Amino acid sequence: MNIKKDIRFRVYIAFTCICLFGCAIIFKAAMIQVKEGPKLRAMAREMHTRFDTLIAERGNIYTEEGALLSSSIPEFDVHVDFSVIDSATFRKNIDTLALCMSRLTMDKTQDQYKEEFVRAYEEGSKYYPLARRKFKYFEYEALRKFPIFNRGKALGGFIADAKEKRENPYGMRAFRTIGVFRDKNMSGLEATYNRVLIGENGRRVVQKSTGNVWVPIEGSEVEPQNGKDIVTTLDINVQEVAEYALRSILEKYECLYGTCIVMETKTGKIRTLVNLGRQPNGTYWEDFNYAMIPTEPGSTFKLATLLSLLNDKLINVDQNVDAEGGTVHFGNRTMHDSHLGLGVMPIWKAYAESSNTAMAKLANSNYANNPKKFIDHLHQFRLDTFTGIDLLGERRTVITRPGTASWSNSTLPWMGTGYGIQISPLHTCMLYNAVANGGKMMKPYLVSSIREYGKEVRRIEPVVLTTVGDAGVIAQAQKCTRAVVTEGTAKGIESPYYTMCGKTGTAQVADKGISYGDGVYQGSFVGYLPAENPQYTICVVIRTKPHSRAYYGGAIAAPVFRMVADKIFSENIGAWGGPLDSLARFSTGVVPAKSATARNYNVLFNAIRKKLPMPDEDVNKIMQVSVDSTNRIVVAPKSMYRNLVPDVKGMSLRDAVYMLETFGMHVNVKGKGKVAEQSITPGTTVTKGQVITIQLS
Amino acid sequence: MEQMQQLLKKTKGDKVIWGVVLLLSFISLLAVFSSTGSLAYRMEKNSNYYLIKQVMVLGLGLMIIYWVHNINYTKFAKLAVILYLLSLPLLLYTLCFGTSLNEGSRWIKLPVINLTFQTSDLAKLALFMFLARTLSIKQADIKDLKKGFIPVLLPVLFTCALIAPANLSTALMLGFTCSILFFIGRVQMKHLMLLALAGIMGLCVLFTVSKLTGWGRASTWEQRITDFFGTKDKDGKKDDVYQVQQAKIAIAGGGITGRGPGKSLQKNFLPHPYSDFIFSIIIEEYGLMGGGLVVMLYLLFLWRAVLIFKRCPFAFGAFLAVGLSITLVFQAMLNMAVNVHLVPVTGLTLPMISMGGSSIWFTSIAIGIVLSVSKYVDEMEGSKKKKAKPAQADGATDAGVEEVTDETTEEEERVEEEIVEKKPRKRASKKQVLDDGPIPAI
């Protein structure tokens, strides 16, 4: 064969083979698409896209006044990857960086920081913690702008992980009630209302894009439902005073723990819930919800006995009872009064003096044949069930029942004085509140409304649980509780300015690890104020240390009650009628506030039951009170001249600020109380935006 | 404008090949720009960085083609010998001191211009040129084992032996491509069969030795083979399995017309979407149509080279044109076959399309040489026509051809003398043109 033809033939063969190879490639590609296509495309979808969770923001906890009790704030964990920082950059900027760090944190010097960073850099540390603590948002903002760090994660090695932290701006105040929220660890309202607060996470589909970035696919988003806010009934001001008052007593007598509950009589709202437990180092901390731990209540329980007897029409509080000198035998046990020597007296007096023997005899003589009747009343007073407060952690109460092994012939008389049963301070508070509330027992509650984006979405209304007695019964019970304060065991505590009712209680404690012989007492005082038209019920329960020098409820719990009551009274001046001592001086012509808004004057005049005509309908208008020539009090609009700085001396802060701001001035406030000085003389022409400083007295 | 025209005038050779090269470069830019997004992000570069780099590389490549195609191809005969003799020590040096990438030592750095390149690219080019020369010389005795085949085979064995330890797949591919060249160069089928048998046996021995001693990359090879046949775990995470799986997903996502330019999703998952697996990205973005076009372009290139081969009266030029283009296209086919999982992963790039530096320039040199042959053939045919019908040629519209032919007339005449077949008298004169002996005309 011709050489040239042979070669040409072979070239054609080679070319054909390569053509076939090319066809095979396209054919195989088509086969992949057709045969394995569906499976591969499904894999692709799985790989290219994923669900991304959009974290819902947790709701806040507010008070009804708008104070923020618990909120989530971002915190930053900052690490440095020294291995990515270019050595020239590092050398050039290390001094400045160390200086910036030292200025920001104030905990180490520039040299210390420099030394640390240089060491970490030489080691090539990839995840060097910048500090042992987490950084706040403003610190993080500053850190990001520091030299080296401002080059970002890839060049500056700046790695920041944001984390939500639950923060309580008021610290320990009502800490146990508000509770904590840390990962899986929850307590208090945070736990009770977790489902409201937590919201619902949203999600979206994201697709992997250039540079490991996941880009959301439009329209795939399910927006997160942010958690709703809850508004608690707690009054942070009263809470503060109650905590202070309770702690001062606890510290004074080195008590084991104490709790103080303030309940709004008409509604059952819990205004204050203090729980202080002694820590090993002698300080006090909100460690347990003592208000919800059932214990033997002692004498405060005598109200239940009294109510039971009154409901069954078995007694009248004016009937006489014989305390037999304070020593009575029941079966093989002997009961003593804590103050011996009482003889025959009316039942209200026996209650006021807290005579154990008298109450035990009444219970025993009336119910010994049919103890179930007494137990049924306890059921009626809801002492055998949960209070139903919206706070997790309530425990079951203990009531010895007839027919059980622990029931003996001495059980009933002791139960009548508050032993042999265990109820929580909250139960006791609820019972006294029912008496204060004309017999209606209110369900205690801590959250009054639920808000979403600032708008109320649910209001929680007060709930009447039951009635503990008719008007006659309640009137007699109120008489007894009033007598405790006027001539009984709590004689010393009444304020000259307002009235109150209550009951002391002093119980020997036998509890886990404590026997009656250990000399541990539970002193309590539960009462309400003012006596005429009760507004608040306060329950204070304190457990003493063994063999404490003070343990009577009247000595340790009543002072706390008084301090809290005083605070409530001062906060509510004008809200209820009473001998308002601070306003009494009005009759002498001295007016506490020279000028105030018409609204405030309305409140004031209502309080002192003086009907003075208001010259204007507008309740926001500033009024002035003066005495006219006939010595009569008149209210007239305060004369104000446009563009002239008004005289705000003697006004309350709120009114002064309101007035000055209507003149377009900026107010700078110093001090507390009423306005004593103002930096710009009254009558000066006002310049818009001018700053005026007011000094309060 | 005038300069452009000037440049166009001076651009000779097969216009279709030029067109194919420009089209491939364009496809390369599209695919590289799309697939380097992740890389640019990782390297903290501007997203245009790799595009601009590739534009520059391809631009330089085109300049190399232009420059090379203007060289009279006969000069490559001498150059082939020099390059081949140079490539052997270079390969040895690379094997011992080269930069190690992916376990194999393949790269060396040129000391002065600070450029890294794969020595095997140079060696391949040198070997193909050298083979074209040897085959053309030995045509008379090629059917003889000792006088023809062995001298042709030995240089191939040397080069393959030096490449194999570091990069077996390149060596295998080179051996196979050379076998195609042997086939075209009229080596007896009997000898080729023997070679194939020896090759398989050699591989088995090499594999066993490597596995037993732990020297070389036996484990990589083993893994690649087992991965291809899918006998081992298919969790899709192992490197090669993962790559192939991702490439297949890309192909499946392409459909007939593709997702559209730049819309590939797999580029973020494929480890090297801009080099070894660029073809699957092309299918994903432009579909089977796009993939088919690329295959067609390579085949068209090869067909044009075959036409040049047919027209070239000299054995060396003919072997050069068909040898270099067939190896180039074969490499392209192998790469695409890897992408569609037709053959195991080899680590070959797609010539003129994959992102790269030196490898594109070596490909450019090869294309330049093919065009140089083409240009020579054109001119020779032109001058023949002129001799036959001078008036017609003079009056031809293509003034450029005339101009160039005038310049090269002298050279052509010299070569034309060589054409005269089997005349010992002329053989002596051929020695003046080609150092190493005569080129028998076909």
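All values reported here derive from a predicted model rather than from experimental measurement. (Residues numbered from 1 in each chain as written. Chains lettered and ligands numbered in written order. Predicted model: local features only at pLDDT ≥ 70, side-chain atom pairs only at ≥ 80, totals over all residues. Heavy atoms only, no water.)

So, the overall build of chain B
Here is step 1 of the chain: Helix and strand counts for chain B come out as 17 helices and 3 strands.
Here is step 2 of the chain: For chain B, the residues scored as buried account for 54% of the 442 residues in total.
Here is step 3 of the chain: The long-range fraction of contacts in chain B, counting pairs at least 24 apart against all pairs at least 6 apart in sequence, stands at 72%.
Here is step 4 of the chain: Accessible surface for chain B amounts to roughly 20,000 Å². Of this, 65% is attributable to carbon and sulfur atoms. (Helix = DSSP H or I, 4+ residues; strand = E, 2+ residues; numbered from the N terminus. Buried < 20%, exposed > 50% of the residue type's maximum accessible area, 1.4 Å probe, protein only. Contact = heavy atoms within 4.5 Å. Areas by Shrake-Rupley, 256 points an atom, 1.4 Å probe, with all protein chains shown as cover.)

Regarding a nonpolar patch on the surface
Residues and elements named next belong to chain B.
Here is step 1 of the chain: A grouping of Leu 145, Ile 150, Leu 154, Leu 157 and Phe 158 is seen on the molecular surface, where their side chains present a nonpolar patch of about 410 Å² in accessible area.
Here is step 2 of the chain: Inspection of the secondary structure puts Leu 154 in helix H7 (residues 145-163).
Here is step 3 of the chain: Overall, the relative accessible area of 38% leaves Leu 154 in the partly exposed class. (Patch = residues over 30% accessible without salt bridge, like charges linked within 9 Å, V, L, I, M, F, W, Y side chains within 5 Å. Salt bridge = Lys/Arg side-chain N within 4 Å of Asp/Glu carboxyl O.)

Quick look at the interface of chain B and chain A
Here is step 1 of the chain: Each side of the interface is counted separately: chain B has 49 residues, and chain A has 39 residues.
Here is step 2 of the chain: Interface area, chain B with chain A, both sides summed: about 4,100 Å², of which 75% is carbon and sulfur.
Here is step 3 of the chain: Applying the counting criterion to the chain B and chain A interface returns 2 salt bridges.
Here is step 4 of the chain: Taken together, the links from chain B to chain A amount to 8 residue pairs in polar contact (both at pLDDT 80 or more).
Here is step 5 of the chain: Of all the secondary structure elements, the ones that give two or more residues to the side of chain B that touches chain A are helix H3 (37-42), helix H8 (168-184), helix H11 (239-254), helix H12 (278-311) and helix H13 (315-339) of chain B.
Here is step 6 of the chain: A per-element tally of the side of chain B that touches chain A places H12 of chain B first, with 12 residues.
Here is step 7 of the chain: Counted by class, the side of chain B that touches chain A contains 32 nonpolar, 12 polar and 5 charged residues. (Buried area = accessible area lost by both parts, 1.4 Å probe. Polar contact = N/O pair within 3.5 Å; in protein donor to acceptor, adjacent residues only side chain to side chain. Nonpolar A, V, L, I, M, F, W, Y, C, P; charged D, E, K, R; others polar.)

A few points about the nonpolar core
Here is step 1 of the chain: Residues Phe 182, Ile 184, Tyr 298, Leu 320, Met 333 and Met 336 of chain B are the most contacted members of the largest nonpolar core, which totals 140 residues.
Here is step 2 of the chain: For this core, the element with the most residues is H13 of chain B, which contributes 18 residues.
Here is step 3 of the chain: The contact partners of Leu 320 of chain B, leaving out residues within four places of it in the chain, are Tyr 73, Phe 76, Met 129, Ala 132, Ile 369 and Val 373 of chain B.
Here is step 4 of the chain: Grouped together as the second largest cluster of nonpolar side chains are 114 residues, Phe 381, Leu 412, Val 526 and Ala 565 of chain A included. (Core = buried A, V, L, I, M, F, W, Y, C linked by side-chain atoms within 4.5 Å.)

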